[in-house]
Amino acid sequence: MSEPYEPVIVGFLCNWCSYRAADLAGTARIKYAPNMRAIRVMCSGRVDPQFVLKALREGADGVMIAGCHPGECHYVDGNIKTLRRFTLLKQLLRQWGVEDERVQLVWASASEGNLLAAAVDRMTEQLRPLGPLRWKETVLGRNGHGEFIPVEEVPAVEEV
Amino acid sequence: MAEKPKLAMYWAAACGGCEISTLNIGEKILVVDDVFDLAFFPCIADFKVKDVQGYPDGYIDVCLFNGAIRNSENEEMAHLLRQKSKFVVAFGSCAYEGCIPALSNLTSRQATLETVYFDNPSIDNPEMTLPQVKTRVAEGELTLPYFYQTVKALDQVVPVDYYIPGCPPEPEQIWAVLEVVVNALLNGGPLPPGGSIVGAGKVAVCEECPLEKNVKAIDQFYRPYDLIPQPGLCLLEQGIVCMGPATRSGCGALCPQANMGCRGCYGPLDGVEDQGAKMLSAIASVVGVGAAGEDEGEMAKKLDEVMSTLVDPAGTFYRFSMAHSLLQRAKVNGKQA
Amino acid sequence: MQRITIDPITRLEGHGKIEIFLDDAGEVANAYLQIPELRGFEQFCVGRPAEEMPRITNRICGVCPEAHHMAATKALDALYHVEPSSAVKKLREFFYSAFYVTDHTTHFYALGGPDFVLGPDAPAAERNILGVVHKVGLEIGKAVIDTRMRNHHVIKQVGGRGVHPVAGMPGGWSKAISEEERQEFEAIARKNVDFALFSLKVFDDIVLANQAYVDLILSDAFTHRTYYMGTVDSNNKVNFYDGLIRVVDPQGKEFVKYPSRDYAKHVAERVEPWSYLKFPYLKGVGWKGFVDGPESGVYCATPLSRLNASDGMATPLAQEAFERFYQTLGSQQVNGRYQPVHQRLATHWARLVELLYAAERMLELVTDPEITDPNVRVVVKNTPDEGVGSVEAPRGTLTHHYWTDERGILTGVNLIVGTTNNNAPITMSVKKAAQHLIHNGTVITEGLLNRVEMAFRNYDPCMSCATHSLPGQMPLEVVIRDPDGNVIEHLSQYT
């Protein structure tokens, strides 16, 4: 019997809106997929693209960035910057071979617990058929060379 | 008479530009010759791998290692030279972070071999011959190194003491570093802390660049031949991609002064792990689309349009730093480029 | 079978090794030149914007990045269907001539020259640029360094930065030069002409005046009769920047002349499992193996080839030097053209003739009124599809071929690099030299090792390293084993 694959989603949730939405989902006892591990940031604009890449490299199967709806950002336009960076990041990720579904941007205000929960559910189900990303193991491979090199293939240093 | 300190300069998967740039220190090369004895420098002297293998560990005082780790021979030489050297310097962008050869990390070993040996129009190879690690010929056996799937930086195979960034490092910077080294070896002068990036600045290229800089709000990206840039004005502001904001200074901002955008060859600034991601963040942030109060859907659509005028983000933002990037190589299937 | 391994060969981009096999009679049965390096530009450039190629492909070689930069720039002209203005062409060719001056200077004084200035059997510790300086004086050594430095200054000013230039664009160049710069460059060009003449005199005094060297150059050990390739202008004179690619047969008759875009009709590349470097040959003749002669498609692309494939040099002093070159080496004129010189060591001399031409051409261009034209950068609106650009790299004809989508993103790249043209002839030269020098009972000496290298070195393979200033003995090791693999003799040269 093998366990069904459970995607691991790292979520960056902004303090003022989406994290509160997640809190609300909790207090309202909304059932939703437990696959997202939430990290609270003050603003979605705090999300450096390096965080996303690092998460993917270190074992995440997907990354969710969640922020306030445009126009409602506590810092006025932090989330606009998020949208700009996210748009370009998606183009970049395609070139890296990372499937579109693995990095998603969600707007959820503090009162939208249902919306956030539904987004997590949806993303989990979108990731399941893609399988685990396991970047280090499958892409970087042993020794980071991207494939296993049998010892006999590499010639021993010859006595010359 | 005390023995002179030993110098080595070795090239792995390199182009030779680092050697040329070193020789472009002009007459100062005679000073280097005066101070050091060569221990291994395949470009210009006749020491062999056998000699290096015979040296006691740490015999070489300074090893300037340039070139990326592309194949098994490069990796073996990195290990050997690390063992035999007191200080190993990752010299130039290839050894520091992969440089141009590491663009190969967006494709695969298989795709590379097929294109180079099968598919190109001038190839005459009906038997589909590929270079082999071992080949039996009538007279005996011949060997070649193994071509890896992923290009690595030097510090991904051996510990590195210092890094000199640049493709190539500028001669003035090379001399500045050599002066410090010579002073340390001859007069006991100070050396920077281990792991330092030397021969470069601590701020972004923008600080060195004389072009006028204003608040940026890019509404479209242009290819360099799409327009004649206004002289004296920041290229990025005019929509021409320039990696200046995410690149370490030290080169004197040469490329923008030649009216061509920086491509980031001096590597990232302190505190940055992934130069490409930082550049992406910087450039996307100043796209002048979207403001609080605008319709979400409209904004997203406009942004998509603008961002698609920025072609090949992976190859541009990671032009020199792919091996040191967080993802390091692309996930590929077969011949996907 | 006994085996002699020479590892590494230096002055090559990356590394190379030579394996020489001796048969039971102690004669050389075969020799293999193995190139263990590949980086894969033809694949990883796919997906990149085409206009970045001058700045990406210059990293193919750090000694001749200007050549790749220029071939790439010309390929962009073709790709985007833009014809550069006459001012742009002159500025580019001026830049390119400065590059030739510095590159040929480097090779003669630091790489090839020491073998002649000091002699192939000179103690290895002296057989390098320092030894050259001792023999001809420190003043000369500094003159060589100064030649490199002042021309690299030109390259940096005109091309944007040293070593890897950035200014090449489709139909143009990213920056113009000012009148002030022009005047500085004119003084540099004049110094270059003097220096080139001086270098030819050095060759006269030290090489041609020495009968032993002349015998070496004319010896059969270093002679091959192959086809010769070079780029010529509309008067069939040597041109490094632009023209038609012309190939002559071993008798000196024109075999084919074609624009660079037709290269794939005339040249094909073979693959061997024991080397990462491919082996080009002439399709019109066919591959017959590593052999000489008019029936074999092996061809050569070097300064010697360029001179052989041309009807002369386009500048007066270089033309004089050209005629003297052929006359001295005993070449006859047939139908107004000199018969090819086949002695590969004469390539060193041919290189100096080219040095003089590059210097004169540089002076011609820098005194042309168009050279300071400020309008060298153009806006390009055409849709790209496919383009080929070629130049003469110092080491041979260099061809870049690009295919893109309608946005100018590369979908295919094919490159035939200067030294690649010479892969087969170099292998043949090494084998022939080894066969002449190594026989049953031959004592393998340093001089022998060096002469085997000299067979290789005159081609100036694409990894020359500028000004040696150090005991530049070739890193060479020769190991001779008996049939059981036991080492019977082990010679190496190092300080």
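So, here is what we can say about the structure in this document.

Thresholds applied
Residues numbered from 1 in each chain as written. Chains lettered and ligands numbered in written order. Predicted model: local features only at pLDDT ≥ 70, side-chain atom pairs only at ≥ 80, totals over all residues. Heavy atoms only, no water. Helix = DSSP H or I, 4+ residues; strand = E, 2+ residues; numbered from the N terminus. Rg over C-alpha atoms; globule rule 2.2 N^0.38 Å. Buried < 20%, exposed > 50% of the residue type's maximum accessible area, 1.4 Å probe, protein only. Contact = heavy atoms within 4.5 Å. Areas by Shrake-Rupley, 256 points an atom, 1.4 Å probe, with all protein chains shown as cover. Lys, Arg positive; Asp, Glu negative; His and termini not counted. Charge placed at Lys NZ, Arg CZ, Asp CG, Glu CD. Polar contact = N/O pair within 3.5 Å; in protein donor to acceptor, adjacent residues only side chain to side chain. Buried area = accessible area lost by both parts, 1.4 Å probe. Salt bridge = Lys/Arg side-chain N within 4 Å of Asp/Glu carboxyl O. Nonpolar A, V, L, I, M, F, W, Y, C, P; charged D, E, K, R; others polar. Patch = residues over 30% accessible without salt bridge, like charges linked within 9 Å, V, L, I, M, F, W, Y side chains within 5 Å. Pairing = 2+ DSSP bridges. Arc of directions from axis to C-beta. Axes fitted to C-alpha atoms, helices over the stretch in contact; angles between N-to-C directions. Parallel < 35°, antiparallel > 145°, perpendicular 65-115°, else oblique. Left-handed = near helix turned anticlockwise from the far one by under 90°. Phe/Tyr/Trp six-rings, centres within 6.5 Å; stacked < 30°, edge-to-face > 60°. Lys NZ or Arg CZ within 6 Å of the ring centre and 35° of its normal. Disulfide = S-S within 2.5 Å. Core = buried A, V, L, I, M, F, W, Y, C linked by side-chain atoms within 4.5 Å. Domains from an automatic or database assignment.

Here we take up the overall build of chain C. Regarding its fold elements, chain C presents 15 helices and 18 strands. Taking 2.2 N^0.38 as the reference for a compact globule, 495 residues should give roughly 23 Å; the C-alpha atoms of chain C span a radius of gyration of 22 Å, in line with that estimate. In terms of principal-axis extent, the alpha carbons of chain C reach across some 70 × 50 × 45 Å. Across the 495 residues of chain C, 70% fall into the buried class. Relative to all contacts within chain C whose residues are 6 or more apart in sequence, the contacts with residues 24 or more apart total 68%. Counting every atom, chain C has about 14,500 Å² of accessible surface; 50% of that belongs to carbon and sulfur. In chain C, the 49 positive side-chain charges and the 60 negative ones have mean positions that sit 3 Å from each other.

On to the side chain of D312(B), then. With respect to the secondary-structure elements, D312(B) resides in the loop between helix 11 (296–307) and helix 12 (313–317). For D312(B), a relative accessible area of 6% translates into the label buried. For D312(B), the side chain forms a polar contact with the main-chain nitrogen of G315(B), separated by 3.0 Å. Leaving out residues up to four positions away in the same chain, D312(B) has contacts with Q95(A), G47(C), R48(C) and P49(C).

The partner chain C presents 102 residues to the 96 residues of chain B that form the contact. When chain B packs against chain C, close to 8,400 Å² is buried across both sides, 60% of that on carbon and sulfur atoms. Summed over the shared surface of chain B and chain C, the result is 7 salt bridges. Notably, a salt bridge pairs K142(C) with E27(B), separated by 3.7 Å at the nearest N-O pair. Take the side of chain B that touches chain C: its biggest share by element is 6 residues, from helix 6 (residues 109–119) of chain B. Residue classes in the side of chain B that touches chain C are distributed as 51 nonpolar, 25 polar and 20 charged.

A grouping of E72(A), D295(B), E296(B) and E298(B) is seen on the molecular surface, where their side chains present a negatively charged patch. Relative to the assigned elements, E296(B) resides in helix 11.

It is worth spelling out the sheet that holds strand 7 (residues 244–248) of chain C at this point. Residue and element names in this part refer to chain C. The strand order 8-7-6-11 describes an open sheet built from 4 strands, whose pairing is mixed. In the strand order of this sheet, the two ends are held by strand 8 (254–258) and strand 11 (299–300), each with one partner. Two elements, strand 6 (residues 227–232) and strand 7, share 5 bridges in a ladder whose sense is antiparallel. Residue pairing across strands places Y228 opposite V248, the latter belonging to strand 7.

Residues and elements named next belong to chain C. Within the sequence span of helix 8 (residues 211–218), burial applies to Y213, V214, L216 and I217. Angular distribution of buried residues about the axis of helix 8 spans 160°; they occupy a single face of the element. Measuring from the backbone nitrogen of A212 back to the side-chain oxygen at the start of helix 8 gives 3.0 Å, which picks out N210 as the cap.

Below, the discussion takes up helix 6 of chain B. Listing the buried residues of helix 6 of chain B in full gives R109(B), A111(B), T112(B), L113(B), T115(B), V116(B) and Y117(B). Residues of helix 6 of chain B that are buried make contact with strand 8 (147–152) of chain B together with helix 1 (41–44) of chain C.

Next up on the list: the packing of helix 7 (residues 179–208) of chain C against helix 11 (residues 316–328) of chain C. Residues and elements named next belong to chain C. Packing of helix 7 against helix 11 leaves a shortest axis separation of 11 Å and a crossing angle of 15°. Judged by the inter-axis angle, helix 7 sits roughly parallel to helix 11. Crossing angle aside, the handedness with which helix 7 passes helix 11 is left-handed. Residues V193, L197, L200, D204 and L208 of helix 7 lie in contact with helix 11, whose contacting residues are L317, A321 and R324. Grouping the constituent residues of the contact of helix 7 with helix 11 by class yields 6 nonpolar, no polar and 2 charged.

What follows concerns the packing of aromatic side chains. Across all of its chains, the model carries 35 aromatic pairs over all chains by this definition. Between Y225(B) and Y80(C), the ring centres sit 4.7 Å apart and the planes meet at 55°, which makes this aromatic pair tilted. A residue pair is termed interchain when its members come from two chains, as with Y225(B) in the loop between helix 8 (205–208) and helix 9 (254–257) and Y80(C) in the loop between helix 3 (65–79) and helix 4 (86–117). Where Y227(C) meets F255(C), the ring centres are 5.1 Å apart and the plane angle is 65°; that geometry is what we call edge-to-face. One end of the pair, Y227(C), is in strand 6; the other, F255(C), is in strand 8, with 28 residues separating them in the sequence. The buried category is assigned to Y227(C), whose relative accessible area is 4%. Linked through ring pairs, F108(C), Y109(C), F195(C), F198(C), F203(C), F322(C), F325(C), Y326(C), Y338(C) and W349(C) together constitute an aromatic cluster. When the ring centre of Y19(A) is taken as origin, the NZ or CZ atom of R40(A), which lies over that ring, is 5.9 Å away.

Moving on, we come to the state of the cysteines. This model, assessed by the stated rule, comprises 0 disulfides over all chains. With no disulfide of its own, C234(B) lies 6.5 Å from the sulfur of C242(B), the closest cysteine sulfur.

So, on to the pairing of strand 14 (residues 386–393) of chain C. Residues and elements named next belong to chain C. With respect to burial, strand 14 is a largely interior element, 7 of its 8 residues being buried. In this sheet, strand 15 (residues 396–404) lies alongside strand 14 in antiparallel orientation, the contact comprising 8 bridges. When the sheet's bridge partners are listed, G387 is paired in strand 15 with Y402. Where strand 14 hands over to strand 15, the hairpin turn is made up of 2 residues, counted between the paired strands.

As a further point, take the pairing of strand 15 of chain C. Residues and elements named next belong to chain C. The buried fraction of strand 15 amounts to 8 of the 9 residues, a majority that puts the element mostly inside the structure. With 6 bridges connecting them, strand 15 and strand 16 (residues 410–416) associate as antiparallel partners. Its bridge partner lying in strand 16, Y402 is registered against V413. Between strand 15 and strand 16, which pair antiparallel in sequence order, lie 5 residues; one of them, G408, sits at a positive phi of approximately 85°.

Attention now moves to the pattern of salt bridges. Taken as a whole and judged by the stated rule, the model has 52 salt bridges over all chains. A salt bridge links K202(B) to D270(B); the shortest N-O distance between them is 3.9 Å. Residue K202(B) is found in the loop between helix 7 (171–187) and helix 8, and its partner D270(B) is found in the loop between helix 9 and helix 10 (275–285); the two are separated by 68 residues along the sequence. A salt bridge links R306(C) to E392(C), with the shortest nitrogen-to-oxygen separation between them at 2.8 Å. With R306(C) in helix 10 (residues 303–309) and E392(C) in strand 14, the pair connects residues that are 86 residues apart, well separated along the chain. Judged by relative accessible area, which is 0%, E392(C) ranks as buried. Among the charged side chains, a network of salt bridges with common partners joins D103(C), R351(C), R395(C) and D460(C).

Grouped together as the largest cluster of nonpolar side chains are 181 residues, with contacts concentrated most on F325(C) and Y402(C). Both domain 1 (6–101 + 150–187) and domain 3 (205–324) of chain B contribute no fewer than three residues apiece to this core. Counting residues in each nonpolar core, the second largest holds 56 residues, with V89(B), V177(B), L178(B) and V198(B) among its members.

So, about the environment of L144(B). Its place among the elements puts L144(B) in the loop between strand 7 (140–143) and strand 8. Put simply, L144(B) and V133(B) are 11 residues apart on the chain and 4.6 Å apart in space, counted from C-alpha to C-alpha.

Following C167(B), the chain continues into P168(B) via a peptide bond in cis, with omega recorded as -10°. Tracing the chain through its elements places P168(B) in the loop between strand 9 (162–164) and helix 7. Located in the positive-phi region is H81(C), a residue other than glycine, with phi close to 55°. The backbone phi angle of N236(C) is positive, close to 60°, even though this residue is not glycine. Among the secondary structure elements, N236(C) is positioned in the loop between strand 6 and strand 7. Residue classification places N236(C) among the buried residues on the basis of a relative accessible area of 12%.

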